[in-house]
Amino acid sequence: MTNRIFVHGVPDTPAIWGPLIAAIGETVAIPSLPGFRDEAPAGFACTKDAYADWLVALMEAQHAAVGPLDLVGHDWGALLVLRAASLRPELVRSWAVAGGALDPDYRGHRIARIWNTPVLGEIFMAVSSQAAMARMFRQSGLPSELAAREATAWQAPMRRAILALYRSADGLCFKGDWIARLEQLPRRGLVISGTQDPFVPLDTLSRFAQAHGARLHVEPDAGHWSIVERPQSIAAVLRAYWAE
């Protein structure tokens, strides 16, 4: 069992970590967000708090087996890593996030606002095909094979989970305890940003890193999926970070 947990984002599956994990060259835990590959378990609400509780439970089990954890998250996985680490800092040795941060001044991106809007979000989901998703992934820097694999998960369970998740977060507008609790975030943190990320700007991630005493790593000319575009570079950064 490993002490490293990698949490994927939206609209991804654990497969998104493949290139980076191959570059790191070791076994890590890559759980799937409930509802993102199959139907969510009965009674699972697919809200931000439900996913945070799910991650905390996973962390507790992993920590009991192997001790302090290294958490890595991308996109929504980054937000959940930050929330879970702030709720249970005693379980965490380090955290690293890419393409996402809990910033009270961040107001989400256009697609997040669409998903947050009743009826409009449902229309978006109804007209978005797997072919369109595969094309979006390719245009965002994913290799064709990985883009096609990720797009196959774009089915009814994932679409329903995404709408519930974004609406529970008011389209990525965070406030209240999700922000206040960040005071408990472990100080050993790493923030990764691509300079061309169209969803979460570099200045947002830079501001978060500075506010929470985290290291900032910037990938020039990389987009939102920098973990796929630059796996060798980011793997080297993570290995050095963990070795400190």
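Residues numbered from 1 in each chain as written. Predicted model: local features only at pLDDT ≥ 70, side-chain atom pairs only at ≥ 80, totals over all residues. Heavy atoms only, no water.

Here we look at the packing of helix H6 (residues 130-139) against helix H7 (residues 144-151)
Two elements in contact, H6 and H7, have axes whose closest approach is 8 Å; the angle formed by their N-to-C orientations is 140 degrees. As judged from the angle between their axes, H6 and H7 are oblique. As for how H6 packs across H7, the hand of that crossing is right-handed. Contact residues: Gln-130, Met-133, Ala-134, Phe-137 and Arg-138 in H6; Ser-144, Ala-147, Ala-148, Glu-150 and Ala-151 in H7. Per-class residue counts for the contact of H6 with H7 are six nonpolar, two polar and two charged. (Axes fitted to C-alpha atoms, helices over the stretch in contact; angles between N-to-C directions. Helix = DSSP H or I, 4+ residues; strand = E, 2+ residues; numbered from the N terminus. Parallel < 35°, antiparallel > 145°, perpendicular 65-115°, else oblique. Left-handed = near helix turned anticlockwise from the far one by under 90°. Contact = heavy atoms within 4.5 Å. Nonpolar A, V, L, I, M, F, W, Y, C, P; charged D, E, K, R; others polar.)

Overview of the environment of Ala-112
Mapped onto the elements, Ala-112 comes out in helix H4 (residues 110-116). Along the chain, Ala-112 and Ala-235 lie 123 residues apart, while their C-alpha atoms are 29 Å from each other. Leave out the neighbours within four places in its chain, and Ala-112 touches Tyr-166, Gly-171 and Leu-172.

Let's talk about the sheet that holds strand E1 (residues 4-7)
The strand order across the open sheet built from five strands is E1-E2-E3-E4-E5, with neighbouring strands paired in parallel fashion. Looking at strand neighbours, the two that pair on one side only are E1 and strand E5 (215-219), the edges of this open sheet. For this sheet the average axis-to-axis angle between neighbouring strands, irrespective of direction, equals 15 degrees. Note that strand E4 (residues 189-194) and E5 share five bridges and pair parallel. Across the sheet, the residue bridging to Ser-193 is Val-218, located in E5. Along the sheet, helix H10 (residues 202-211) makes contact with strand E3 (92-98), E4 and E5, crossing E4 at roughly 170 degrees. (Pairing = 2+ DSSP bridges.)

Some remarks on the environment of Ile-21
With respect to the helices and strands, Ile-21 occurs in helix H1 (residues 18-24). Separated by 198 residues in sequence, Ile-21 and Glu-219 have C-alpha atoms that sit 18 Å apart. Non-local contacts of Ile-21, meaning those with residues more than four positions away in its chain, are made with Glu-26, Val-28 and Ile-30.

Digging into the side chain of Ser-226
With respect to the secondary-structure elements, Ser-226 resides in helix H11 (residues 226-229). Leaving out residues up to four positions away in the same chain, Ser-226 has contacts with Ile-192, Pro-231 and Ile-234.

Brief notes about helix H8 (residues 156-168)
Between its terminal C-alpha atoms H8 stretches 18 Å, which fits the 18 Å expected from 13 residues at 1.5 Å a residue. Those residues of H8 that fall on the buried side of the exposure criterion are Pro-157, Met-158, Arg-159, Ala-161, Ile-162, Leu-163, Leu-165 and Tyr-166. The elements touched by buried residues of H8 are helix H2 (48-66), helix H3 (76-87), H4 and helix H5 (120-127). Where H8 terminates, the next one or two residues include Asp-170, which has phi positive at roughly 50 degrees. (Expected span 1.5 Å × (residues − 1). Buried < 20%, exposed > 50% of the residue type's maximum accessible area, 1.4 Å probe, protein only.)

Some words on the pattern of salt bridges
In this structure the tally under the stated criterion is twelve salt bridges. Glu-26 is the salt-bridge partner of Arg-4, the closest N and O atoms lying 2.5 Å from each other. Of this pair, Arg-4 sits in strand E1 while Glu-26 sits in the loop between H1 and H2, placing them 22 residues apart in sequence. A residue is classified by how much of its surface remains accessible, and Glu-26, at 31% relative accessible area, is partly exposed. (Salt bridge = Lys/Arg side-chain N within 4 Å of Asp/Glu carboxyl O.)

Let's talk about the pairing of E4
Counting buried positions over the six residues of E4 gives six, a clear majority of the element. Here E4 shows no split at all, with Gly-189, Val-191 and Ser-193 on one side and Leu-190, Ile-192 and Gly-194 on the other all buried. With four bridges joining them, E3 and E4 adopt parallel strand pairing. Of the residues in E4, the one forming a bridge with Ala-98 is Ile-192. Once you follow E4 into H10 and on to E5, the crossover reads as right-handed. (Right-handed = clockwise from strand over helix to strand, strands pointing away.)

Observations concerning the environment of Gly-141
With respect to the helices and strands, the residue Gly-141 is situated in the loop between H6 and H7. Since its relative accessible area comes to 33%, Gly-141 is described here as partly exposed. As a C-alpha pair, Gly-141 and Gln-62 span 79 residues in sequence and 32 Å in three-dimensional space. Excluding residues within four positions of it along the chain, Gly-141 makes contact with Val-228 and Glu-229.

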